[in-house]
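# Examining the three-dimensional arrangement
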Amino acid sequence: MTRTSARSRSTVRAIALSALVLGLAAGCGADSGSDEAPAVEGPGASEQEDAGTTADDDTASEGAASDDGAASDDGGAGSAAGAAALPEDADLAAEQLPITAEKAVEIGLGAAGGGELVQIEIDHDDDVWEWELEIVDGGRQHDLDIDATSGEVTEHDQDDDDDQDPAVDVTSPMPYAEAIEIALGKEPGRVSGWDLSSDDGRIHYTIDIDRSSGDDDVEVEVDVETGEVRVDD
């Protein structure tokens, strides 16, 4: 009896020891799998995603900056800066000055601080095409010279105004292009200059024309209200 009992207890201990070893082995395997899983989904993956998002954002920003630059270049292309000056013998009926009459009036009113245009003239003087404007503001007369190529105000004089001349407009009731066309219909030639002013309250254009025939220059007046033409040799 004694020998059999001892043998049984030894068998039980062996079985228990084997179970313990198997349990430890299984536990280690579970722990090992548990440690590896978070490594795949850990901070490294988030950083990669963030890096990809940042790269996309940077690319979009660079694209926007490129677009803005192109817009800026396009906007600058239409400005008068760097524009070529017309030659002295240019025909103002066929060629347009970099600074148009409308733009010259805008520049002049800005320099004068407002007011009304009462006279405007364009001609070639001292090797440059130049606008000459007379603007009246609250009894103050502003005489301005504006470079017709660059738009620079080259001269600005002020004085009291006692004439009370009527205001003139290069776009209404008769645009200057229409006045030039009417004048050329009467006297063909090269338009070398023109002005818009008033005389005894009558507003008219005076178009300077070099006759095609080679004769002396001629001035053609065109009434802005009636379209009446008068030639002054």
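That block above? That's the structure.
Below: a short report on this structure. This structure is a prediction, so every number in the text was calculated from the model and none was measured.

What counts as what
- Residues numbered from 1 in each chain as written.
- Predicted model: local features only at pLDDT ≥ 70, side-chain atom pairs only at ≥ 80, totals over all residues.
- Heavy atoms only, no water.
- Helix = DSSP H or I, 4+ residues; strand = E, 2+ residues; numbered from the N terminus.
- Buried < 20%, exposed > 50% of the residue type's maximum accessible area, 1.4 Å probe, protein only.
- Pairing = 2+ DSSP bridges.
- Expected span 1.5 Å × (residues − 1).
- Arc of directions from axis to C-beta.
- Contact = heavy atoms within 4.5 Å.
- Salt bridge = Lys/Arg side-chain N within 4 Å of Asp/Glu carboxyl O.
- Core = buried A, V, L, I, M, F, W, Y, C linked by side-chain atoms within 4.5 Å.
- Phe/Tyr/Trp six-rings, centres within 6.5 Å; stacked < 30°, edge-to-face > 60°.

Attention shifts here to the overall build of the chain. What the chain contains, in helices and strands, is four helices and eight strands. For the chain, the α and β elements follow one another from N to C terminus as α-α-α-β-β-β-β-α-β-β-β-β. By residue count, 28% of the 233 residues in the chain fall in the buried class.

Attention now goes to the environment of Lys103. Topologically, Lys103 is positioned in helix α3 (residues 101-112). The spacing of Lys103 and Gly151 is 48 residues in sequence and 8.3 Å in space, taken between C-alpha atoms.

Summarising the sheet, strand β7 (residues 218-223) and strand β8 (residues 229-232) pair through four bridges and their orientation is antiparallel. Directly across from Val220, in β8, lies its bridge partner Val231.

Another aspect to go through is α3. Look at α3: 16 Å from first C-alpha to last across twelve residues, which is about the 16 Å you get at 1.5 Å a residue. Those residues of α3 lying buried are Ala101, Ala104, Val105, Ile107, Gly108 and Ala112. Angular distribution of buried residues about the axis of α3 spans 165°; they occupy a single face of the element. Buried-residue contacts for α3 involve β1 (116-125), β2 (128-137), β3 (140-147), β4 (153-160), α4 (176-186) and β5 (189-199).

Let's shift gears to the pattern of salt bridges. In total, this model carries seven salt bridges according to the counting rule given. Lys103 serves as the salt-bridge partner of Glu106, at 3.4 Å between the closest nitrogen and oxygen. Of this pair, Glu106 and Lys103 both sit in helix α3, three residues apart, roughly one helical turn. Of the residues examined, Lys103 reaches a relative accessible area of 35% and is grouped as partly exposed. One connected set of salt bridges, linked through shared partners, spans Arg202, Glu221, Asp223 and Arg230.

Generally speaking, a soluble globular protein has its nonpolar side chains buried in company with each other. By size, the foremost hydrophobic cluster in this structure holds 37 residues, and its most contacted members are Ile120, Trp131, Trp194, Tyr205 and Ile207. Of all elements in the fold, only α3, β1, β2, β3, α4, β5, β6 (202-211) and β7 reach the threshold of two or more residues within this core. Each residue touching Ile207, except ones within four places of it in the same chain, is listed here: Ala179, Ile180, Ala183, Val191, Gly193, Trp194, Val218, Glu219 and Val220.

For α4, every residue scored as buried is listed here: Tyr176, Ala179, Ile180 and Ala183. Take α4 and look down its axis: the buried residues cluster within an arc of 100°, on one side only. For α4, exposure combined with an orientation more than 90 degrees from the buried face picks out Glu181 and Gly185. In this fold, the buried residues of α4 make contact with α3, β5, β6 and β7.

So, about the packing of aromatic side chains. All told, the structure shown has three aromatic pairs when counted by the stated rule. The interplanar angle of 75° and the centroid separation of 5.6 Å between the aromatic rings of Trp131 and Trp194 together place this pair among those described as edge-to-face. With a gap of 63 residues between them, Trp131 in strand β2 and Trp194 in strand β5 connect regions that are remote in the sequence. Classification of Trp131 by relative accessible area gives buried; the value is 2%.

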